[in-house]
Amino acid sequence: MLDSNLFRDLIAEASLAPSVHNIQPTRWRLLAADTVLLLEDGQRRLPAADPTGHDVRLSHGAALEGLSLACSRHGLRIAQVALDDRLDEASGLRVIARLTLASGGIEDPLASAVAGRRSWRGRFLPANAEIEDSLQKLAAAPDLLIVPPGPAVAEIAELGDRAGFHFLCEDEHRRELLAWMRLSRSDPRYGRDGLNPEAMGFGRVEAMGVSLVLGPFFPWLRRLGLAEPLSRERGKAASSAIALFHRPEGEDPLETGRAFYRAWLAMTARGLGACPISVLADWPVSNAVLVQRHPLPAGCRLVNVFRLGRVPSGAGVVRARLPIG
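Scope of this entry: the structure provided in the associated data block. Given the structure is predicted, the values throughout are model-derived calculations rather than measurements.

1. Some words on the overall build of the protein
In terms of regular secondary structure, the protein is built from 12 helices and 8 strands. Computed over its C-alpha atoms, the radius of gyration of the protein comes to 20 Å, within 12% of the 20 Å expected for a compact globule of 325 residues. Taking the principal axes of the C-alpha coordinates as reference, the protein spans close to 60 × 45 × 40 Å. A total of 325 residues make up the protein; the buried ones form 50% of that total. In the protein, of all internal contacts separated by at least 6 residues, the share reaching a separation of at least 24 is 76%. Roughly 15,200 Å² of accessible area belongs to the protein as shown, and the carbon and sulfur atoms make up 54% of that amount. When the 39 basic and 37 acidic side-chain charges of the protein are each reduced to a single mean position, those positions are 4 Å apart.

In structure tokens, the structure reads:
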């Protein structure tokens, strides 16, 4: 069913899935004509930001859904997902799942949104009737709670700044984040992985400033009371809506990751730009405040938060990705 060329095509599409800090921890091995191993590159974990490996497993789930979407465009489907947790002797990597493919795949309605999905970290344009209609339709999604533009969004943006600064004040967390930021084009990893200025909506001068503020200057700026104002992003929330992404408590992060990718693609398919504000869900304080102010369905937990809106025309899709090999 699969030859090496088709396998590479499928993985090229699957690799467009999002991952935490864009670390791209998922690896693949073609085991047989109908069998693929989903593997983890353990060297791409985030000990400070993700000590339990929850977000890495969620990233694997997004990649798995990416493969499913790619298969659907080639008349294939994932017939079975067998979870695993052993060492693959051929690659030396840990197996996450063994996937059995079969024919009979029908193109997924969200597959066409894959090419256009991106994280827009800049300001959104004022909402128009089309965007308002898209937000209303998106509100029908079972795992999204939509907060329309207005005072509630401004409160969430301020809470997001508090959450972000909380993590920046943790030295190991801040250093780890900075290590995954590709702030200079001279960095050999620029365009391959991590977070580069284009992906974060930074200009050249702003990128240089970020490297200093989050690097050697941070302790001094914090003592002077300047670090927090310089890290604020609440101004970008103007004209934004918010989507609270929630899933059942106790769900395997692999399944959560699949649903997360589909939710993001649903936003893209409706013409909405989106940017995750993960710190709001990661910090217990902000998570609790959001759930109190915007109650979720019974038995659900807050997984992530998106800022949504209308992206300026002409904004291209910029992605840093590792070579397929």
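Let's pick the thread back up.
2. Quick word on the sheet that holds strand 8 (residues 300–309)
Across the sheet, which stays open at both edges, the 4 strands sit in the order 5-6-8-7 with antiparallel pairing between neighbours. Where the open sheet ends on each side, the last strands, each with one partner, are strand 5 (144–147) and strand 7 (273–276). Direction aside, the axes of adjacent strands within the sheet are offset by 30° on average. Alignment of strand 7 against strand 8, held across 4 bridges, turns out to be antiparallel. Within strand 8, the position partnered with Cys 275 by the bridge is Arg 307.

3. Observations concerning the sheet that holds strand 4 (residues 94–103)
Pairing in this open sheet of 4 strands is antiparallel, and the strands run 1-2-4-3 from one edge to the other. Two strands close off the open sheet at either side, each with one partner strand: strand 1 (26–32) and strand 3 (76–83). Going from strand to strand, the sheet's axes swing by 30° on average, the running direction of each strand aside. Where strand 1 lies against strand 2 (residues 35–40), 6 bridges are found, and the strand directions are antiparallel. Following the sheet pairing, Leu 30 is matched in strand 2 by Val 36. Running at roughly 155° to strand 1, helix 1 (residues 4–14) makes contact with strand 1, strand 2 and strand 3 of the sheet. Strands in contact with helix 2 (residues 54–72) are strand 1, strand 2, strand 3 and strand 4; relative to strand 3, the strand with the most contacts, it is inclined by about 155°.

4. Digging into the pairing of strand 6 (residues 241–248)
Here strand 6 lies mainly inside the structure; 7 of its 8 residues are buried. The pairing of strand 5 with strand 6 spans 4 bridges and is classified as antiparallel. Bridge pairing in strand 6 links Ile 146 to Ala 243.

5. Some details on the layout of surface pockets
Put simply, the second largest pocket is a space of about 490 Å³. Looking at the second largest pocket, it is lined by 22 residues, and the ones nearest its centre are Ile 11, Thr 26, Arg 27, Trp 28 and Ile 324. Those elements that place two or more of their residues in the lining of the second largest pocket are helix 1, strand 1 and helix 2. The dominant element in the lining of the second largest pocket, judged by the number of residues it contributes, is strand 1, at 5 residues. For the lining of the second largest pocket, the class distribution of residues is 13 nonpolar, 6 polar and 3 charged.

6. Some details on unusual backbone geometry
One non-glycine residue, Asn 22, adopts positive backbone phi at about 55°. Since its relative accessible area comes to 10%, Asn 22 is described here as buried. Despite not being glycine, Gln 24 shows a phi value in the positive range, around 50°. By the element assignment, Gln 24 lies in the loop between helix 1 and strand 1.

7. Considering the pattern of salt bridges
Side chains carrying opposite charge are able to pair once their charged atoms draw close together. Applying the stated criterion to the full structure yields 26 salt bridges. With its nearest N and O atoms 2.7 Å apart, the salt bridge here joins Glu 65 to Arg 258. One end of the pair, Glu 65, is in helix 2; the other, Arg 258, is in helix 10 (residues 253–269), with 193 residues separating them in the sequence. Across the pair, Arg 258 and Glu 65 agree in class, each one buried. Among the salt bridges present, the one from Arg 247 reaches Asp 143, with a minimum N-O distance of 3.3 Å. With a gap of 104 residues between them, Arg 247 in strand 6 and Asp 143 in the loop between helix 3 (129–138) and strand 5 connect regions that are remote in the sequence. Of the residues examined, Arg 247 reaches a relative accessible area of 18% and is grouped as buried. Looking at Asp 143, the relative accessible area reads 11%, which means it is buried.

Calculation notes
- Residues numbered from 1 in each chain as written.
- Predicted model: local features only at pLDDT ≥ 70, side-chain atom pairs only at ≥ 80, totals over all residues.
- Heavy atoms only, no water.
- Helix = DSSP H or I, 4+ residues; strand = E, 2+ residues; numbered from the N terminus.
- Rg over C-alpha atoms; globule rule 2.2 N^0.38 Å.
- Buried < 20%, exposed > 50% of the residue type's maximum accessible area, 1.4 Å probe, protein only.
- Contact = heavy atoms within 4.5 Å.
- Areas by Shrake-Rupley, 256 points an atom, 1.4 Å probe, with all protein chains shown as cover.
- Lys, Arg positive; Asp, Glu negative; His and termini not counted.
- Charge placed at Lys NZ, Arg CZ, Asp CG, Glu CD.
- Pairing = 2+ DSSP bridges.
- Axes fitted to C-alpha atoms, helices over the stretch in contact; angles between N-to-C directions.
- 1 Å grid on protein atoms, 1.4 Å probe; cavity = no way out; pocket = protein on both sides within 12 Å on 5 of 7 lines; lining within 4 Å.
- Points joined across faces, edges and corners; volume = space filled by probe spheres on them.
- Nonpolar A, V, L, I, M, F, W, Y, C, P; charged D, E, K, R; others polar.
- Salt bridge = Lys/Arg side-chain N within 4 Å of Asp/Glu carboxyl O.

Taken by themselves, the reported measurements are silent on function.
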